[in-house]
Amino acid sequence: MHADARLLRSRDLADAAVRTLGRGDAVALRGNGAFTVSGAPGTAVTRMWLLSATCRAWLAAGAAGSVRVLSHEEISSWRAVQPELLPRRWRHLRAKCVHF
């Protein structure tokens, strides 16, 4: 989560958001959405789709009770299969949404 809620309308503000990203794949911008990164546009779009789906699931789970954060092992398990799963999800998104 990027702590600064201002829009990224200057190089300094954008650089600060990039520092928040670090070596990660996505940053939630407090009050202003999120961004995802990748060397391939389709992978970045797929990461954004997954981030959106995860946020919806988190909110729904929170409304039903307590939510438990993923463990480091669970996160590592997901990261290990990204190269296989992200391109497959991107193909699915492209087939489902012809405007991509």
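Up top is the structure.
### Notes on a nonpolar patch on the surface
Together, Trp-58, Leu-59, Val-67, Val-69, Leu-70 and Ile-75 make up a nonpolar patch on the protein surface, roughly 580 Å² of accessible area in all. One can find Val-69 in the loop between helix H2 (41–64) and helix H3 (72–96).

### Quick look at H3
A bend of about 65° at Gln-82 is the largest found in H3, and the proline Pro-83 appears one to four places after it. Taken together, the buried positions of H3 are Gln-82, Leu-86, Trp-90 and Leu-93.

### Here we look at the pattern of salt bridges
Side chains that differ in charge, positive against negative, can pair when their charged atoms come close. For the coordinates displayed, the defined rule picks out 5 salt bridges. Close ionic contact of Arg-47 with Asp-25 constitutes a salt bridge, the shortest N to O distance being 3.7 Å. With Arg-47 in helix H2 and Asp-25 in the loop between helix H1 (11–21) and strand S1 (26–29), this pair connects stretches of sequence that are 22 residues apart. An identical accessibility class is assigned to Arg-47 and Asp-25; each is buried. Between Arg-79 and Asp-25 there is a salt bridge whose closest N-O contact spans 2.7 Å. A residue pair is termed long-range when its members are at least 10 positions apart, and Arg-79 in helix H3 and Asp-25 in the loop between H1 and S1 qualify at 54 residues. The exposure class assigned to Arg-79 is partly exposed, which follows from its relative accessible area of 41%. Here the residues in one salt-bridge network are Asp-25, Arg-47 and Arg-79, joined through shared partners.

### Observations concerning the pairing of S1
What you see with S1 is a clean split: Val-27 and Leu-29 sit on the buried side and Ala-26 and Ala-28 on the side with no burial. Looking at chain direction, S1 and strand S2 (residues 33–36) are connected through 4 bridges and run antiparallel. Across the sheet, residue Ala-28 finds its bridge partner in S2, namely Ala-34. Joining the antiparallel neighbours S1 and S2 is a turn of 3 residues, in which Gly-31 adopts a positive phi near 85°.

### Topic: the nonpolar core
As a rule of thumb, nonpolar side chains are buried together in soluble globular proteins. Formed by Ala-17, Leu-21, Val-27, Leu-29 and Phe-35, the largest nonpolar core amounts to 5 residues. Setting aside residues up to four positions removed in sequence, Leu-21 forms contacts with Ala-26, Val-27, Phe-35 and Val-37.

### Some thoughts on the packing of H2 against H3
Contact geometry of H2 with H3 gives a least axis separation of 9 Å together with a crossing angle of 95°. Between H2 and H3, the crossing angle belongs to the class labelled roughly perpendicular. On H3, the residues that touch Gly-42, Thr-43, Val-45, Thr-46, Arg-47, Trp-49 and Leu-50 of H2 are Trp-78, Gln-82, Leu-86, Arg-89, Trp-90 and Leu-93. A class-by-class count of the residues in the contact of H2 with H3 yields 7 nonpolar, 4 polar and 2 charged.

### A word on the layout of surface pockets
Rolled over the atoms, a probe sized like a water molecule indicates the empty space that remains. Taken as a whole, the largest pocket holds about 1,000 Å³ of empty space. Together, 26 residues line the largest pocket, and Ala-26, Leu-51, Thr-54, Leu-70 and Ile-75 are the ones closest to its centre. For the lining of the largest pocket, the secondary-structure elements that each account for two or more residues are H1, S1, H2 and H3. In terms of residues, the lining of the largest pocket owes the most to one element, H2, which gives 9 residues. Tallied by class, the residues present in the lining of the largest pocket amount to 17 nonpolar, 5 polar and 4 charged.

Conventions and cut-offs
Residues numbered from 1 in each chain as written. Predicted model: local features only at pLDDT ≥ 70, side-chain atom pairs only at ≥ 80, totals over all residues. Heavy atoms only, no water. Patch = residues over 30% accessible without salt bridge, like charges linked within 9 Å, V, L, I, M, F, W, Y side chains within 5 Å. Areas by Shrake-Rupley, 256 points an atom, 1.4 Å probe, with all protein chains shown as cover. Salt bridge = Lys/Arg side-chain N within 4 Å of Asp/Glu carboxyl O. Helix = DSSP H or I, 4+ residues; strand = E, 2+ residues; numbered from the N terminus. Bend = angle between axes of the 7 residues up to and from the residue. Buried < 20%, exposed > 50% of the residue type's maximum accessible area, 1.4 Å probe, protein only. Pairing = 2+ DSSP bridges. Core = buried A, V, L, I, M, F, W, Y, C linked by side-chain atoms within 4.5 Å. Contact = heavy atoms within 4.5 Å. Axes fitted to C-alpha atoms, helices over the stretch in contact; angles between N-to-C directions. Parallel < 35°, antiparallel > 145°, perpendicular 65-115°, else oblique. Nonpolar A, V, L, I, M, F, W, Y, C, P; charged D, E, K, R; others polar. 1 Å grid on protein atoms, 1.4 Å probe; cavity = no way out; pocket = protein on both sides within 12 Å on 5 of 7 lines; lining within 4 Å. Points joined across faces, edges and corners; volume = space filled by probe spheres on them.

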